[in-house]
Amino acid sequence: MSRRDAESDETRAAEGAQIPIPIAGLDHVVLRVRDLERSIGFYEQVLGCREERRLEELGLVQLRAGASLIDLVDVDSPLGRAGGGDRSPDGPNLDHFALSLSALDEEALRSHLARFGVEADETAQRYGAQGTGPSIYIRDPDGNTVELKGPPSAEGSRTGSDLDRAAGS
């Protein structure tokens with residue numbers, strides 16, 4: 001066990017509480033791209049992903065990648081411009097990534113984040129790899145956006161057979 005792990009264990013024990021962020025996996029990543037059709041071609045033809053959802057008015061295409069999604073946002077689209085437009089040739093193109101949570105207790109989560117001085121955006125219903133459910137955006141110390149994506153609501157959930165079909169099973 002590393003020193004950092006031991007310190008983390010001691011900190012958690014001292015707090016006497018579980019961290020209210022039950023991460024189940026990676027829900028999706030959002031990439032800002034210059035040529036949407038070229039990128040779709042790459043992810044479909046080279047990697048075997050398939051288009052699941054397209055929101056033309058936003059410039060967003062969501063591709064199924066197993067149990068997760070890869071979202072492509074055209075930098076020249078309304079959503080792309082909202083994220084700052086085009087990037088420099090050597091700049092990052094990751095808009096954000098989303099962690100899939102097995103549960104989202106908003107009060108406990110917000111209290112936990114506040115203890116660490118982490119500001120959280122409003123909770124909103126957003127579409128993700130498992131369907132539509134609550135999500136909250138935060139930023140890590142380097143300014144990267146992290147979406148904490150709760151489980152889908154009953155009406156927004158994808159069924160097991162939907163997920164099997166989407167994953168190619």
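A quick note: this is a predicted structure, and the numbers were derived from the prediction, not measured.

Participant: Whenever I open this one, the pattern of salt bridges confuses me. Can you help?
Facilitator: When the charged atoms of two side chains with opposite charge come close together, those side chains can pair. This model, assessed by the stated rule, comprises six salt bridges. Residues glutamate 56 and arginine 54 are paired through a salt bridge, measuring 3.5 Å at the closest nitrogen-oxygen approach. Glutamate 56 gets classed as exposed once you look at its relative accessible area, which sits at 57%. Ionic pairing is found between arginine 110 and glutamate 106, a salt bridge with its closest N-O pair at 2.9 Å. Of the two residues, arginine 110 and glutamate 106 both sit in helix 4 (residues 106-115), four residues apart, roughly one turn of that helix. For arginine 110, a relative accessible area of 26% translates into the label partly exposed. Among the ionic contacts, a cluster of salt bridges with common partners joins Glu37, Glu51, Arg54 and Glu56.

Participant: Before we go on, may I ask you to explain the sheet that holds strand 7 (residues 131-139) in this structure?
Facilitator: Adjacent strands of a sheet form backbone hydrogen bonds with each other and so pair up, either parallel or antiparallel. Overall, mixed pairing links the eight strands, which are arranged 2-3-4-1-5-8-7-6 in an open sheet. Looking along the sheet, the strands with just one partner apiece sit at the ends: strand 2 (50-55) and strand 6 (124-128). Direction aside, neighbouring strands of the sheet carry axes that sit 30° apart on average. Taken together, the five bridges between strand 7 and strand 8 (residues 145-149) define a ladder with antiparallel strand orientation. Counted as the bridge partner of serine 135 is lysine 149 from strand 8. Strand contacts of helix 2 (residues 36-46): strand 1 (23-33), strand 2, strand 3 (60-65) and strand 4 (68-74), with the helix running at about 160° to strand 4, the strand carrying the most contacts. In this fold helix 4 packs onto strand 7 and strand 8, with an angle of close to 15° to the strand it touches most, strand 7.

Participant: When you look at the side chain of glutamate 52 in this model, what are you seeing that I'm missing?
Facilitator: Tracing the backbone shows glutamate 52 in strand 2. Among the polar contacts made by the side chain of glutamate 52, one reaches the side chain of arginine 64 at a distance of 2.7 Å. Within the local environment of glutamate 52, its side chain forms a polar contact with the side chain of tyrosine 127, the two groups lying 2.5 Å apart.

Participant: Quick question: what am I supposed to make of the environment of isoleucine 70 here?
Facilitator: Turning to its location among the elements, isoleucine 70 is positioned in strand 4. Judged by relative accessible area, isoleucine 70 falls into the buried class, the value being 13%. Put simply, isoleucine 70 and histidine 28 are 42 residues apart on the chain and 5.6 Å apart in space, counted from C-alpha to C-alpha. The contact partners of isoleucine 70, leaving out residues within four places of it in the chain, are Val29, Leu31, Tyr43, Cys49, Val61, Gln62, Leu63 and Ala65.

Participant: Is there a simple way to think about the packing of aromatic side chains in this case?
Facilitator: Geometry of an aromatic ring pair is reported as the spacing of the ring centres plus the angle between the planes. Applying the stated criterion across every chain yields a total of one aromatic pair. Taking the centre distance of 5.0 Å and the plane angle of 90° together, the rings of phenylalanine 42 and tyrosine 43 count as edge-to-face. By relative accessible area, which is 40% here, phenylalanine 42 ends up partly exposed. Directly above the ring of tyrosine 127 sits arginine 53, whose terminal nitrogen or CZ lies 4.2 Å from the centroid.

Participant: How should helix 4 be read in this particular structure?
Facilitator: Within an α-helix, residues lying three or four positions from one another point in the same direction, as the helix has 3.6 residues per turn. Residues of helix 4 that are buried: Leu109, His112 and Leu113. Buried residues of helix 4, viewed axially, fall in a sector of 95°; they line one side. Away from its buried face, by an angle of more than 90 degrees, helix 4 presents the exposed residues Glu107 and Ala114. Where helix 4 is buried, its residues touch strand 7 and strand 8.

Participant: It is not clear to me how the nonpolar core should be interpreted in this structure. Could you clarify?
Facilitator: Across soluble globular proteins, you tend to see nonpolar side chains buried next to one another. One finds Leu31, Val33, Leu36, Ile40, Tyr43, Cys49, Val61, Leu63, Ile70 and Leu72 forming the largest nonpolar core, which totals 10 residues. Taken together, the elements giving at least two residues each to this core come down to strand 1, helix 2, strand 3 and strand 4. In terms of residue count, helix 2 provides more of this core than any other element does, three residues in total. Leu99, Leu101, Leu113 and Ile138 belong to the second-largest nonpolar core, a separate cluster that totals nine residues.

Basis of the calculations
- Residues numbered from 1 in each chain as written.
- Predicted model: local features only at pLDDT ≥ 70, side-chain atom pairs only at ≥ 80, totals over all residues.
- Heavy atoms only, no water.
- Salt bridge = Lys/Arg side-chain N within 4 Å of Asp/Glu carboxyl O.
- Buried < 20%, exposed > 50% of the residue type's maximum accessible area, 1.4 Å probe, protein only.
- Helix = DSSP H or I, 4+ residues; strand = E, 2+ residues; numbered from the N terminus.
- Pairing = 2+ DSSP bridges.
- Axes fitted to C-alpha atoms, helices over the stretch in contact; angles between N-to-C directions.
- Contact = heavy atoms within 4.5 Å.
- Polar contact = N/O pair within 3.5 Å; in protein donor to acceptor, adjacent residues only side chain to side chain.
- Phe/Tyr/Trp six-rings, centres within 6.5 Å; stacked < 30°, edge-to-face > 60°.
- Lys NZ or Arg CZ within 6 Å of the ring centre and 35° of its normal.
- Arc of directions from axis to C-beta.
- Core = buried A, V, L, I, M, F, W, Y, C linked by side-chain atoms within 4.5 Å.

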